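What follows is each chain in one-letter form.
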Protein chains: 2
Amino acid sequence: MSGELRVIPLRGLPELDEGDDLGALLVESAKNAAGLETGDIVVVAQKAVSKVEGRVRHLDQIEPSDRARELAGDDDARRIEVILQESRRIVRMRPPTLIIAETRHGYVCASAGVDQSNAKGPSTLILLPLDSDASARLLRSRIRELSGVDVGVIVSDSFGRPFRRGTTDVALGVAGLSPLLDLEGRRDSTGYELHATEIAVADEIAGAAELVMGKTEGIPAAVVRGVDVPGDGSGQDLLMPSERDLFR
Amino acid sequence: MSGELRVIPLRGLPELDEGDDLGALLVESAKNAAGLETGDIVVVAQKAVSKVEGRVRHLDQIEPSDRARELAGDDDARRIEVILQESRRIVRMRPPTLIIAETRHGYVCASAGVDQSNAKGPSTLILLPLDSDASARLLRSRIRELSGVDVGVIVSDSFGRPFRRGTTDVALGVAGLSPLLDLEGRRDSTGYELHATEIAVADEIAGAAELVMGKTEGIPAAVVRGVDVPGDGSGQDLLMPSERDLFR
């Protein structure tokens, strides 16, 4: 983990639709960039994955529940309804529009990951994938099938966080890499043993990819080359168990 | 922000002491790597900055207060005393040893940023810089003086966060770049206007740098090349004001 790192944007992907072969589109795009090499990590924005998986809802087909209407106030109760459907529980609320929820997958994020931007017009909502780890594994195996190359895959999304302003991209789904680097028991350069230090490398890799992806420019993926995180874990490994979490 | 990004480790720095010319050491190290170019961002680990600034305390010179003794339980009350001195307030505690504090600078982090690892033996504590933004500005101006090149500087540290396991590196001090990229009012590729989206690019850059720095290998800095974040802000810009924070 001490060489140079490169983060290469994958351009030229079309507007995505349900059923599109995202793995093939990524392999094609990589050919026009720096190709793919064993050990590369392909980071794909959650929205791209959700679109090809059909995780899209149209507002005009949603009937809000009483609870959604009550919470919505002047906001669109149909959007609140979808957020509630995606949520295991509400963690914090600030009326009228901020809902921080624990999603059914266990992520804690604004609006349970339900997003209106980048959708096909404002009447459409994009939900998180049903299982981002499965999505990552599927992309990984499709990329291997088409290119013969073993890459890691991260499905990423922009999350806010307590205490600090702005979003950073984090890893929702992970395949073919260790999302956490455990330093426990290693010694630092002065011989002092580090205690219980885990680095969330998958989140840092997702954040690095965001820097070249850009929200508004239609670059939904990037290749990160030069990170050495062998092993295999899942995005679920990054979730703090409720009982250890002091902020839930 | 759509070209390729490179993250280049800066190696060969000596063990640091109070008064060392860190700017000169970074410029020297960069000469042996990929040099420095206008627009590069130099990310420096907080510990390196704290050491040259003398932000080091020796445990045997600390007299713990009654409160520190009470909170410490079986832990070293002198360490707890230093944490209390660095804190504006305690945000969460889990006995015996986990204290999440708001530091006097406004960061929310474990042990108020007081760290025992990488110190000169286990009887030494390293504190956060008194003013990481001032540290970043000073390094930036020293680097410009020695190399003639205008770089951005980030002083970074590894912070845990609620809800998710592992630490990610974040920006404590910032000079010569915009730490937040504001997407408000921009339109995405489908013409839908993004609302109130800010990306904490300085934190993502700090995290990208961590991937090549490595806690245990004596690489306290990295150059990030290819991020376009013009402007000038401070690390304080990244702090969520208490009154807007739902988790304090």
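Residues numbered from 1 in each chain as written. Chains lettered and ligands numbered in written order. Predicted model: local features only at pLDDT ≥ 70, side-chain atom pairs only at ≥ 80, totals over all residues. Heavy atoms only, no water.

1. Some thoughts on the pairing of strand β9 (residues 164–175) of chain A
Residues and elements named next belong to chain A. For β9, a buried count of eleven out of twelve residues is recorded, marking the element as mostly surrounded by other parts of the structure. The pairing of strand β8 (residues 152–161) with β9 spans eight bridges and is antiparallel. From the neighbouring strand, S156 faces β9, where its bridge partner is A171. From the end of β8 to the start of β9, which pair antiparallel, there are two residues, and F163 there has a positive phi angle of about 75°. (Buried < 20%, exposed > 50% of the residue type's maximum accessible area, 1.4 Å probe, protein only. Helix = DSSP H or I, 4+ residues; strand = E, 2+ residues; numbered from the N terminus. Pairing = 2+ DSSP bridges.)

2. Brief notes about helix α1 (residues 22–31) of chain B
Residue and element names in this part refer to chain B. Within α1 the residues assigned to the buried category are L22, G23, L26, V27, S29 and A30. Relative to the axis of α1, the buried residues are bounded by an arc of 165° and lie together on one face. Buried residues belonging to α1 abut β1 (5–10), β2 (41–45), α2 (46–52), α5 (132–147) and β12 (221–225). (Arc of directions from axis to C-beta. Contact = heavy atoms within 4.5 Å.)

3. Some points on helix α4 (residues 77–86) of chain A
Residues and elements named next belong to chain A. Judged by how many residues are buried, α4 sits mostly within the fold: eight of ten residues are covered. Buried within α4 we find A77, R79, I80, E81, V82, I83, L84 and E86. Structurally, α4 contributes buried residues whose contacts are with α3 (66–72), β4 (87–94), β5 (98–103) and β7 (124–126).

4. What about the packing of aromatic side chains?
As enumerated under the stated definition, the model contains four aromatic pairs over all chains in all. When the ring of F163 of chain A is compared with that of F247 of chain A, the centres are 5.3 Å apart and the planes differ by 70°; the resulting orientation is edge-to-face. With F163 of chain A in the loop between β8 and β9 and F247 of chain A in the segment after β12 (221–225), this pair connects stretches of sequence that are 84 residues apart. The two residues F163 of chain A and F247 of chain A agree in class, both being buried. Seen in terms of ring centroids, Y107 of chain B and F159 of chain B are 6.3 Å apart; in terms of plane orientation they differ by 70°. Their pairing is edge-to-face. Residue Y107 of chain B is found in the loop between β5 (98–103) and β6 (108–110), and its partner F159 of chain B is found in strand β8 (residues 152–161); the two are separated by 52 residues along the sequence. Like F159 of chain B, Y107 of chain B is buried. (Phe/Tyr/Trp six-rings, centres within 6.5 Å; stacked < 30°, edge-to-face > 60°.)

5. A short note on the sheet that holds strand β6 (residues 108–110) of chain A
All names here are of chain A. Taken together, three strands build an open sheet; the order of strands is β4-β5-β6 and the sheet is antiparallel. This sheet does not close on itself; its edge strands, each paired only once, are β4 and β6. On average, each strand axis in the sheet is tilted by 25° relative to the strand beside it, whichever way the strands run. The pairing of β4 with β5 spans six bridges and is antiparallel. Across the sheet, residue R94 finds its bridge partner in β5, namely L98. Those strands touched by α4 are β4 and β5, and its axis lies near 130° from that of β4. (Axes fitted to C-alpha atoms, helices over the stretch in contact; angles between N-to-C directions.)

6. Remarks on the pattern of salt bridges
Overall, the coordinates contain 40 salt bridges over all chains when judged by the stated rule. Across the pair R161 of chain A and D203 of chain B runs a salt bridge whose closest N-O atoms are separated by 2.6 Å. Of this pair, R161 of chain A sits in strand β8 while D203 of chain B is found in helix α6 (residues 201–213), placing the two residues in two different chains. Linking R104 of chain B and E86 of chain B is a salt bridge whose minimum nitrogen-to-oxygen distance equals 3.2 Å. With R104 of chain B in the loop between β5 and β6 and E86 of chain B in helix α4 (residues 77–86), this pair connects stretches of sequence that are 18 residues apart. What makes R104 of chain B partly exposed here is its relative accessible area of 39%. Judged by relative accessible area, E86 of chain B falls into the buried class, the value being 4%. One network of salt bridges, in which partners are shared, links D21, R142 and E145 of chain A. (Salt bridge = Lys/Arg side-chain N within 4 Å of Asp/Glu carboxyl O.)

7. Observations regarding the sheet that holds strand β4 (residues 87–94) of chain B
Residues and elements named next belong to chain B. Here we have three strands laid out as an open sheet, ordered β4-β5-β6, and antiparallel in their pairing. Sheet topology places β4 and β6 at the edges, where each strand pairs with a single neighbour. On average, each strand axis in the sheet is inclined to that of its neighbour by 25°, with strand direction left out of account. In this sheet, β6 lies alongside β5 in antiparallel orientation, the contact comprising three bridges. From the neighbouring strand, I100 faces β6, where its bridge partner is A110.

8. Concerning unusual backbone geometry
Residues and elements named next belong to chain B. The backbone of S111 sits at a positive phi, close to 55°, despite the residue not being glycine. Relative to the helices and strands, S111 resides in the loop between β6 and β7 (124–126). For S111, a relative accessible area of 10% gives the class buried. Although it is not a glycine, F163 sits at a positive phi angle of roughly 75°.

9. Some thoughts on the domain arrangement of chain A
All names here are of chain A. Domain boundaries in chain A define domain 1 (2–53 + 130–237) and domain 2 (56–126). Tallying the contact residues gives 14 residues for domain 1 and eleven residues for domain 2. Between domain 1 and domain 2, the buried area comes to about 1,100 Å², and carbon and sulfur atoms account for 49% of it. When the buried surface of domain 1 facing domain 2 is broken down by residue, K47, K51 and F159 rank first, second and third, together holding 42% of it. Scanning the region where domain 1 abuts domain 2 turns up one salt bridge. Of the charged contacts in the structure, one is a salt bridge between K47 and D115, with a shortest N-O distance of 3.6 Å. At the junction of domain 1 and domain 2, the tally comes to two residue pairs in polar contact (both at pLDDT 80 or more). Residue assignment for the side of domain 1 that touches domain 2 shows that the elements contributing at least two residues are α2 (46–52) and β9. The element that contributes the greatest number of residues to the side of domain 1 that touches domain 2 is α2, accounting for four residues. Counted by class, the side of domain 1 that touches domain 2 contains four nonpolar, five polar and five charged residues. (Domains from an automatic or database assignment. Buried area = accessible area lost by both parts, 1.4 Å probe. Polar contact = N/O pair within 3.5 Å; in protein donor to acceptor, adjacent residues only side chain to side chain. Nonpolar A, V, L, I, M, F, W, Y, C, P; charged D, E, K, R; others polar.)

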